[in-house]
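Coordinate inspection notes
The lines below spell out each chain.
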Amino acid sequence: MRAPQGDLSGSAGLPVGPASHAADLIECLRARRPRVHCITNAVAQAFTANVLLAAGAVPSMTISPDEVAAFAARADALLVNLGTFDTERRGATEAALGQIAAEGKPWVLDPVLIDRSPPRAAYARELAMRRPSAIRLNEAEFIALAEAAPPEVFAKRNGAVVALTGESDVITDGTRIVRVGNGHPLMARVTAMGCAASALVAAALAIEPDALKAVASALLIFGIAGDIAGETANGPGSFGVHFLDALFNLDPETIRARAKVSK
Amino acid sequence: MRAPQGDLSGSAGLPVGPASHAADLIECLRARRPRVHCITNAVAQAFTANVLLAAGAVPSMTISPDEVAAFAARADALLVNLGTFDTERRGATEAALGQIAAEGKPWVLDPVLIDRSPPRAAYARELAMRRPSAIRLNEAEFIALAEAAPPEVFAKRNGAVVALTGESDVITDGTRIVRVGNGHPLMARVTAMGCAASALVAAALAIEPDALKAVASALLIFGIAGDIAGETANGPGSFGVHFLDALFNLDPETIRARAKVSK
Amino acid sequence: MRAPQGDLSGSAGLPVGPASHAADLIECLRARRPRVHCITNAVAQAFTANVLLAAGAVPSMTISPDEVAAFAARADALLVNLGTFDTERRGATEAALGQIAAEGKPWVLDPVLIDRSPPRAAYARELAMRRPSAIRLNEAEFIALAEAAPPEVFAKRNGAVVALTGESDVITDGTRIVRVGNGHPLMARVTAMGCAASALVAAALAIEPDALKAVASALLIFGIAGDIAGETANGPGSFGVHFLDALFNLDPETIRARAKVSK
């Protein structure tokens, strides 16, 4: 999600599929304002909520076992972020997933830092088999999750879009593949950027039934907001602020003009 | 708390009561630095603390049952925000309310999103009967709390000031009513804005014994800081930053000049 | 950590020891990117993570008892912040400290607001006897921790560097003493500034084996970033943003030129 790769730069400005889908998606998000329930870690909660609000979605964040099913029932999509792997959040995850699965709504798995914690990795592998619509993670996390399987194989086996984010993003459903080259190095210096990207993916899945299109569009929008923020930021503090402003102001033309995507 | 209504704009600049009270209050807050203990959700904690600090108050935030009574005993006012309705926070609420009630100190109820969670709404109705000094909430939350009762009736019945915030704010103690037309649409795009407004209401109640005056003053100050932030913000990221700066720098003259209030 | 004291201003710009150590440290932090595991309160988590990232360190924040030992085992230093004194965080503290002690890694105690909560103070006194590398706190917290002992005596007795922060910072290991006069009054108006300073102290201890040098360097870097942020901030909102930018951009020459230290 950082510097564009050589083979991607040539596609900037072309009205390729993913750029057009992303341009449509940002308008739909603002018009339809999907509700996204987020089970996420305390470090990420405020920034994640602000990213969803800036993009037009409506966040909720409770993890109380007594009421998370009620929130999931009223939400259009769910995010399960494993950034804090505590008993309460596991209980909340089970209650929310039960509701989401019963209604066939989309959900996203973000297995944060599972490369550092074997019990968290074991739980992530279990969740990955429960048909998340998408799994967003970085390379170290993917290795801990998928062991030796390549992304396409893992995606096909689990019936989930896999979104590997990093210098550039690779998004695959096992059949199709999209690469996104937008983004900025300062994204790695602001906490919860990845967590917030996963939340935006959930918002996109609430609107776009083709999961590959939804995930690629969300990450493209996220990366372009990063590009724009990086042009005026003086460091990670102003980057976070400018990022929210850029996401809020992003228009379809800018998405089409700046998209660095390849298939 | 957004765009001013037509019948309010005419009062801008007039030295009506609420504007003068708010102008006095901001100076008292800075001089007396009341301590506000906040039982609030993790999404809102940091922004709420920063709003209180910017206004001159001193926040504390622990929800540990072992020590929340000790913090409540040393605080000048309490905020009970139901944004995360978990067992620990309910225990903290009981311990803190026991202390606050015993000492006759003011407290504020913020029944966040009770329209989405029946168990949370039931607890909010129970708390509303325990004589909060004020209840701050939006329209959907008010309907879930008060069912068919109008704000004046509900306020009188519960002995609490009701502050309904939205496009404009309506504040009533059941006898008197104040309307505040200040604020900016970007307030709805920054998470925890409502939660932080409730915390500022608690700070005001620590200083001003007339609860209607305290609540109206706090919401007027909050709305004017929003007006000012909205004039220079480029989106919700910079709005949040400028809001804290505006609140910190707000002077009595600006409050008197910008207040849009009616009775 | 605010306005420089009279006897310190004369040393600004001189290549005294602490300034040179701090200049070296900032480069080492960026080159080696130490991992700092933080057991801290929810109010402080996001800002603390952003401060560590801006300085070049890599934060982790889980408090789950099931995995905190795994994170501590992979971390280079640990922060124990008592800002929320709940059962879960006490469990996490015990698990993490066991791991850290077994491997002889550095750890920092930040006994937040123990002057307001007797049970928290009792736990802080117990932790202070378990050989933290450093204890960072303000004057009211120090009195609650050390009772009548002066900082030098308390530091020597506990084998820990004591860092008393305030208008100016006093850092002592019981034998040596360093005073830092950098910083800005707006630091007291941004929540979690002290908590984040303690986290940066932990990052410094991961790199510099002389604990006094590490602590003084971290607080000098922190204070200088505050000086720089204060020059362009319009209030506490922009101060927090500029602070992260300043920390990210701080170079060794600026540290040497701006340091206000005395021994």
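Please read these numbers as outputs of a predicted model, since none were measured by experiment.

**Describing the relation of the copies chain B and chain C**
A rotation about some axis, followed by a shift along it, carries one copy of the chain onto the other. In screw terms, the move from chain B to chain C is a rotation of 120° and a rise of 0.0 Å along the axis, fitting with an RMSD of 0.0 Å. Interpreted geometrically, this transformation is the action of a three-fold axis. When each C-alpha of chain B is compared by its distance to the rotation axis, Ala 42 of chain B comes out closest, at 3.5 Å. When the interface residues of chain B are mapped onto chain C, a mere 7% of them again lie at the interface, so each copy presents a different face.

**Here we look at the packing of helix H9 (residues 193-205) of chain B against helix H10 (residues 211-232) of chain B**
Residue and element names in this part refer to chain B. It is the contact of H9 with H10, at a shortest axis distance of 8 Å, that shows an interaxial angle of 135°. By the angle between their axes, H9 is oblique relative to H10. Once H9 is placed against H10, the crossing between them reads as right-handed. Contact residues: H9 offers Met 193, Ala 196, Ala 197, Leu 200, Val 201, Ala 204 and Leu 205, while H10 offers Ala 211, Ala 214, Val 215, Ala 218, Leu 219, Ile 221 and Phe 222. Class assignment of the residues belonging to the contact of H9 with H10 gives a composition of 14 nonpolar, no polar and no charged.

**Some words on the relation of the copies chain B and chain A**
The two copies are related by a screw operation: chain B maps onto chain A through 120° of rotation and 0.0 Å of translation along the axis, at an RMSD of 0.0 Å. Here only 8% of the interface residues in chain B have copies in chain A that are interface residues too; the copies meet through unlike faces.

**A short note on the pattern of salt bridges**
As enumerated under the stated definition, the model contains 27 salt bridges over all chains in all. Close ionic contact of Arg 136 of chain A with Asp 110 of chain A constitutes a salt bridge, the shortest N to O distance being 3.2 Å. In this pair, Arg 136 of chain A sits in strand S5 (residues 134-137) while Asp 110 of chain A sits in strand S4 (residues 107-110), placing the two residues 26 residues apart along the sequence. The exposure class of Asp 110 of chain A is buried, given its relative accessible area of 0%. As a salt-bridge pair, Arg 176 of chain C and Asp 210 of chain C come within 3.0 Å of each other at their nearest N and O atoms.

**Regarding the interface of chain B and chain A**
Where interface size is given, it is often the accessible area lost as the parts come together that is meant. The interface is formed by 25 residues belonging to chain B together with 27 residues belonging to chain A. The largest contributions to the chain B side of the interface with chain A come from Val 43, Arg 116 and Arg 189 of chain B, which together make up 37% of the buried area. Our enumeration of links across chain B and chain A arrives at eleven residue pairs in polar contact (both at pLDDT 80 or more). A total of four residues in the side of chain B that touches chain A trace back to one element, the largest contributor, which is helix H11 (residues 236-249) of chain B. The residue makeup of the side of chain B that touches chain A, split by class, is eleven nonpolar, eight polar and six charged.

**Regarding the sheet that holds strand S3 (residues 77-81) of chain B**
Residue and element names in this part refer to chain B. Judged by pairing direction, the sheet is mixed, and its nine strands sit side by side in the order S2-S1-S3-S4-S5-S6-S7-S8-S9 without closing on themselves. In the strand order of this sheet, the two ends are held by strand S2 (58-60) and strand S9 (261-262), each with one partner. Both strand S6 (residues 161-164) and strand S7 (residues 169-172) contribute to a ladder of three bridges, which runs antiparallel. Along S7, the bridge assignment pairs Val 162 with Thr 172. Lying over the sheet, helix H8 (residues 151-158) contacts strand S5 (134-137), S6, S7 and strand S8 (177-180), oriented at roughly 145° with respect to S6. Strand contacts of H10: S5, S6, S7, S8 and S9, with the helix running at about 165° to S7, the strand carrying the most contacts.

**Side note on the environment of Ala 218 of chain C**
Residues and elements named next belong to chain C. Of note, Ala 218 is situated in helix H10 (residues 211-232). With 125 residues separating them in the primary sequence, Ala 218 and Thr 93 have C-alpha atoms 23 Å apart. In this view, Ala 218 contacts Leu 25, Leu 200, Val 201 and Ala 204; residues no more than four positions away in its chain are not counted.

**Some points on the interface of chain B and chain C**
Counting from both sides, the interface comprises 27 residues of chain B and, opposite them, 25 residues of chain C. Among the residues chain B hides against chain C, the three largest losses belong to Glu 67, Phe 71 and Asp 245 of chain B. Together they make up 22% of the total. A salt bridge links Asp 66 of chain B to Arg 90 of chain C; its shortest N-O distance comes to 2.8 Å. Contributing elements (two or more residues each) for the side of chain B that touches chain C: helix H3 (45-55), S2, helix H4 (68-74) and H11 of chain B. Of the residues that constitute the side of chain B that touches chain C, the class distribution is 13 nonpolar, seven polar and seven charged.

**Section: the nonpolar core**
Residue and element names in this part refer to chain A. The biggest cluster of nonpolar side chains holds 68 residues, and the ones touching the most others in it are Ile 171, Val 215, Ile 221, Phe 222, Phe 239 and Phe 243. Top contributing element to this core by residue count: helix H10 (residues 211-232), with 13 residues. Here Val 215 is in contact with Ala 134, Val 161, Ala 163, Ile 171, Val 201 and Leu 205, once residues within four sequence places are set aside.

**Some details on the environment of Tyr 123 of chain A**
Relative to the elements of secondary structure, Tyr 123 of chain A occurs in helix H6 (residues 118-128). A relative accessible area of 7% means that Tyr 123 of chain A is categorised as buried.

**Description of the packing of helix H3 (residues 42-55) of chain C against helix H9 (residues 193-205) of chain C**
Residue and element names in this part refer to chain C. Between H3 and H9, the shortest axis-to-axis distance is 9 Å and the interhelical angle comes to 40°. As far as their axial angle goes, H9 and H3 are oblique. Here the hand of the crossing between H3 and H9 comes out right-handed. Contacts between H3 and H9 involve Ala 44, Phe 47, Thr 48, Val 51, Leu 52 and Ala 55 from the first element and Met 193, Cys 195, Ala 196, Ala 199, Leu 200 and Ala 203 from the second. Class assignment of the residues belonging to the contact of H3 with H9 gives a composition of eleven nonpolar, one polar and no charged.

Cut-offs used in this document
Residues numbered from 1 in each chain as written. Chains lettered and ligands numbered in written order. Predicted model: local features only at pLDDT ≥ 70, side-chain atom pairs only at ≥ 80, totals over all residues. Heavy atoms only, no water. Least-squares fit on C-alpha atoms with pLDDT ≥ 70 in both. Contact = heavy atoms within 4.5 Å. Axes fitted to C-alpha atoms, helices over the stretch in contact; angles between N-to-C directions. Helix = DSSP H or I, 4+ residues; strand = E, 2+ residues; numbered from the N terminus. Parallel < 35°, antiparallel > 145°, perpendicular 65-115°, else oblique. Left-handed = near helix turned anticlockwise from the far one by under 90°. Nonpolar A, V, L, I, M, F, W, Y, C, P; charged D, E, K, R; others polar. Salt bridge = Lys/Arg side-chain N within 4 Å of Asp/Glu carboxyl O. Buried < 20%, exposed > 50% of the residue type's maximum accessible area, 1.4 Å probe, protein only. Buried area = accessible area lost by both parts, 1.4 Å probe. Polar contact = N/O pair within 3.5 Å; in protein donor to acceptor, adjacent residues only side chain to side chain. Pairing = 2+ DSSP bridges. Core = buried A, V, L, I, M, F, W, Y, C linked by side-chain atoms within 4.5 Å.

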